[in-house]
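Summary of structural features
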Amino acid sequence: MASSPPRPLRILCIHGYCQNAGTFREKTGALRKALKRHAELVYINAPHQIGHRGPSGSAPAAPLPSDPASPSAAPGGPGEDGRGWWFSDPRDRSFSAEESCASDLGLDESLEAVRRAVGERGPFDGVLGFSQGAALVAMLCARQERGQEPGPGFRFAVLVAGFRSRCAGHAPLYTAPPLGLPTLHVLGDSDRVIPAPLSRDLLPVFRDPVVVTHPGGHYVPAGAAQKQAYIQFLEQFTSS
């Protein structure tokens, strides 16, 4: 009797700062096409909308600078329903990957949004994050390994343009021993939003990180070389 083909993996997708589920889905169309036989990508929104005035009456927060050379640059501005997972500056409700901070305003609500998505739309085999979303995924991996997240956990993670959060309260998440969850890290050599050194600084947090580089900027690449790397990584988690 012929065996049935392996079922596609289900991957929860976490967008970047000033994106949303819809724009991230659109901008990863090439990735979805490349992985259509291997994985189903499920997208969710961050709970925090960017662009309204903060409690102090400050001006709307600006999005992360986009990379004009990137086919997946961040959407143009707050009017396009840009969203974020947490804010490093609580006064302005803004975020910078390179800003040392004491606050992670909104993170608790974002963790709850992920838990709710897993409960209502899961289970998921793995999780994929881009930019601020990848930073969130790294923290989710650490929390999961330390037993701080309920329910069935992710079996793997893909982090594109990831980085360590510089919020002081997050520092314990990056301490030894390295995390054992299998991870694929994708870095752009020309990324001007999250420079490659920031992403490489995240690698020691994981025990055996798989690293893929591409010559482009701040986007999720899906060229022939990256497609092969994604599939090779995902195949180890595919079963009939």
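In this text, all values refer to a predicted model and were calculated from it rather than measured experimentally.

Each helix and strand in the protein chain was counted, giving six helices and eight strands. In the protein chain, the order of α-helices and β-strands from amino to carboxyl end is β-α-α-β-β-β-α-β-α-β-β-α-β-α. Buried positions account for 53% of the 240 residues belonging to the protein chain. Considering only residue pairs separated by 6 or more positions, the protein chain has 82% of its internal contacts joining residues 24 or more positions apart. Per element, the accessible surface of the protein chain, about 10,800 Å² overall, is 51% carbon and sulfur.

Oppositely charged side chains may form a pair once their charged atoms are brought near each other. Under the criterion given, the structure shown has nine salt bridges. The salt bridge partner of aspartate 92 is arginine 91, with a shortest N-O separation of 3.5 Å. In this structure aspartate 92 comes out as partly exposed when scored by relative accessible area, which is 24%. The partner of glutamate 149 in a salt bridge is arginine 143, and the shortest N-O contact between them spans 2.7 Å.

As a further point, take the environment of valine 211. With respect to the helices, strands and loops of the structure, valine 211 is situated in strand β8 (residues 210-214). Once the C-alpha coordinates of valine 211 and valine 186 are considered, the two residues, 25 residues apart in sequence, prove to be 6.1 Å apart. When residues no more than four places from it in sequence are discounted, the contact partners of valine 211 are His185, Leu187, Arg200 and Leu203.

Turning to the nonpolar core, a few remarks are in order. Nonpolar side chains in soluble globular proteins tend to be buried together. Counting residues in each nonpolar core, the largest one holds 71 residues, and the members touching the most others are Leu12, Ile14, Trp85, Trp86, Val114, Leu136 and Leu234. Ranked by residues supplied to this core, first place goes to helix α4 (residues 132-145) with nine residues.

What follows deals with the confidence of the model for the protein chain. Low-pLDDT portions of the prediction should not be read for the details of their coordinates. Per-residue confidence for the protein chain averages 87 on the pLDDT scale, and 85% of its residues sit at or above 70. Taken together, the stretch residues 53-79 has pLDDT below 50 and engages in 63 contacts with residues farther than four places along the chain or on a different chain.

What counts as what
Residues numbered from 1 in each chain as written. Predicted model: local features only at pLDDT ≥ 70, side-chain atom pairs only at ≥ 80, totals over all residues. Heavy atoms only, no water. Helix = DSSP H or I, 4+ residues; strand = E, 2+ residues; numbered from the N terminus. Buried < 20%, exposed > 50% of the residue type's maximum accessible area, 1.4 Å probe, protein only. Contact = heavy atoms within 4.5 Å. Areas by Shrake-Rupley, 256 points an atom, 1.4 Å probe, with all protein chains shown as cover. Salt bridge = Lys/Arg side-chain N within 4 Å of Asp/Glu carboxyl O. Core = buried A, V, L, I, M, F, W, Y, C linked by side-chain atoms within 4.5 Å. pLDDT = per-residue confidence, 0-100.

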